[in-house]
Amino acid sequence: MASGIGVVVFIVAIFILSGLKILNEYERGVVFRLGRLTPYRGPGVIFVIPVIERMMRIDLRTVTLDIPPQDVITKDNVTVKVSAVLYFRVVDPSRAVTEVENFLFATMQLAQTTLRSVGGQTELDELLSQRDKLNARIQEIVDSQTEPWGVKVTLVELKNIDLPQDMQRAIAAQAEAERERRAKVIAAEGEFQAAQRLSEAAEIMSKSPVTLQLRYLQTLKEIAGEHNSTIVFPLPIDLLEPFRAFAKAVGGGGDKPTT
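Since the structure is predicted, the reported quantities are computational estimates derived from the model, not experimental observations. (Residues numbered from 1 in each chain as written. Predicted model: local features only at pLDDT ≥ 70, side-chain atom pairs only at ≥ 80, totals over all residues. Heavy atoms only, no water.)

(A) Quick peek at helix 5 (residues 131-146). Helix length check: helix 5 (16 residues) gives 22 Å between terminal C-alpha atoms against 22 Å at 1.5 Å per residue, within 8%. When helix 5 is considered as a whole, its buried residues turn out to be Leu134, Asn135, Ile138, Val142, Asp143 and Thr146. Within helix 5, the buried residues cover an arc of 155 degrees as seen down the axis, which keeps them to one side. Here the buried face of helix 5 lies against strand 7 (79-90), helix 3 (103-120), helix 4 (124-129) and strand 8 (151-162). (Helix = DSSP H or I, 4+ residues; strand = E, 2+ residues; numbered from the N terminus. Expected span 1.5 Å × (residues − 1). Buried < 20%, exposed > 50% of the residue type's maximum accessible area, 1.4 Å probe, protein only. Arc of directions from axis to C-beta. Contact = heavy atoms within 4.5 Å.)

Below you can see the structure in the form of structure tokens.
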């Protein structure tokens, strides 16, 4: 009799121990009782009735999903390979189990399709320069589609964009032409500003002849300060005034008609 009771106690102990489950802080247990869904359980120690209940563990941590390179034809008919990374987590374990067969695989396929679709609606320049805008658009679309599954998409980032070789050469040529254009514009702007300054300086000197002589002396000083073999003979500008007046008179006299 005692041995029979011991066997029963042993069986009951095995039954109870087999139903004990330990769930980590980031895990939840979705339990089905005779095929019907019950409220999810955890974390900590939970009890699952053997044979009658079946449990599935769901991880609530953020999952990093690497989207492989996708062949994308942009709006301006350029074929590129675009890869991205997607971050999501399960917010409702019950729906993640009952609403979709495999939420991880389904999210991956949806992200790939959305990446190709959004890339096909975008021109190449926008794809290269406005990544933040595309990231937000892809995240919004994927998040709205996975919301019924109890999945929350927190972030999408375009990781790499591979361009064909001929397109890379065309972009490099365009960038080089743009740099040359900017250099020419800057040089022309500098010449224009220099011409304006020289014109203002000439106007000031014409009003005060002394400034011209001071500038002449400063130039002589700069030449003398250098280590060279150039010999400069200063010549007062006033000595040239009679010759200029004579040349002017001769030129004016030549214009008079003869009788």
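From this point, things continue past the structure.
(B) Highlighting the pattern of salt bridges. Applying the stated criterion across every chain, the model contains 14 salt bridges. The salt bridge partner of Arg41 is Glu53, with a shortest N-O separation of 3.1 Å. One end of the pair, Arg41, is in the loop between strand 3 (36-37) and strand 4 (44-47); the other, Glu53, is in strand 5 (residues 53-59), and 12 residues separate them in sequence. For Glu53, a relative accessible area of 7% corresponds to the buried category. With a shortest N-O distance of 3.1 Å, Arg95 and Asp92 are connected by a salt bridge. Since its relative accessible area comes to 22%, Asp92 is described here as partly exposed. (Salt bridge = Lys/Arg side-chain N within 4 Å of Asp/Glu carboxyl O.)

(C) Highlighting the packing of helix 3 against helix 5. At a minimum axis distance of 10 Å, the contact between helix 3 and helix 5 shows a crossing angle of 140 degrees. One finds that helix 3 runs oblique with respect to helix 5. Here the hand of the crossing between helix 3 and helix 5 comes out right-handed. Packed against helix 3, whose contacting residues are Thr107, Leu110, Ala111, Thr114, Leu115 and Val118, the element helix 5 presents Leu134, Arg137, Ile138, Ile141, Val142, Gln145 and Thr146 at the interface. Its residues placed into classes, the contact of helix 3 with helix 5 shows 8 nonpolar, 4 polar and 1 charged. (Axes fitted to C-alpha atoms, helices over the stretch in contact; angles between N-to-C directions. Parallel < 35°, antiparallel > 145°, perpendicular 65-115°, else oblique. Left-handed = near helix turned anticlockwise from the far one by under 90°. Nonpolar A, V, L, I, M, F, W, Y, C, P; charged D, E, K, R; others polar.)

(D) Examining the packing of aromatic side chains more closely. Taken as a whole, this structure holds 0 aromatic pairs when the rule is applied. In this structure, Arg61 is placed above the aromatic ring of Tyr26, and the distance from its NZ or CZ to the ring centre is 3.8 Å. (Phe/Tyr/Trp six-rings, centres within 6.5 Å; stacked < 30°, edge-to-face > 60°. Lys NZ or Arg CZ within 6 Å of the ring centre and 35° of its normal.)

(E) Structural detail: the environment of Leu17. Mapped onto the secondary structure, Leu17 falls in helix 1 (residues 2-19). You can call Leu17 exposed: its relative accessible area is 57%. A C-alpha to C-alpha distance of 9.8 Å links Leu17 and Val48, two positions 31 residues apart in sequence.

(F) Looking closely at the sheet that holds strand 8. Ordered by their spatial adjacency, 3 strands build an open sheet running 6-7-8, and the pairing between neighbours is antiparallel. Strands at the two margins of the open sheet, each flanked by one partner only, are strand 6 (63-73) and strand 8. Across the sheet, the mean angle separating the axes of adjacent strands is 25 degrees when strand polarity is ignored. In the sheet, strand 6 pairs with strand 7 via 9 bridges, with the strands oriented antiparallel. Residue pairing in the sheet places Ile73 in a bridge with Thr79 of strand 7. Where helix 3 meets the sheet, its contacts fall on strand 6, strand 7 and strand 8, and the angle it forms with strand 6 comes to roughly 35 degrees. Against the sheet, helix 5 contacts strand 7 and strand 8, and its axis sits at roughly 140 degrees relative to strand 8. (Pairing = 2+ DSSP bridges.)

(G) Layout of the side chain of Gln70. Of note, Gln70 is situated in strand 6. Here Gln70 falls in the buried class, since its relative accessible area comes to 7%. Within the structure, Gln70 has its side chain in polar contact with the backbone oxygen of Pro68 (distance 3.0 Å). With sequence-adjacent residues up to four places away left out, Gln70 is seen in contact with Val80, Lys81, Val82, Gln112, Leu115 and Arg116. (Polar contact = N/O pair within 3.5 Å; in protein donor to acceptor, adjacent residues only side chain to side chain.)

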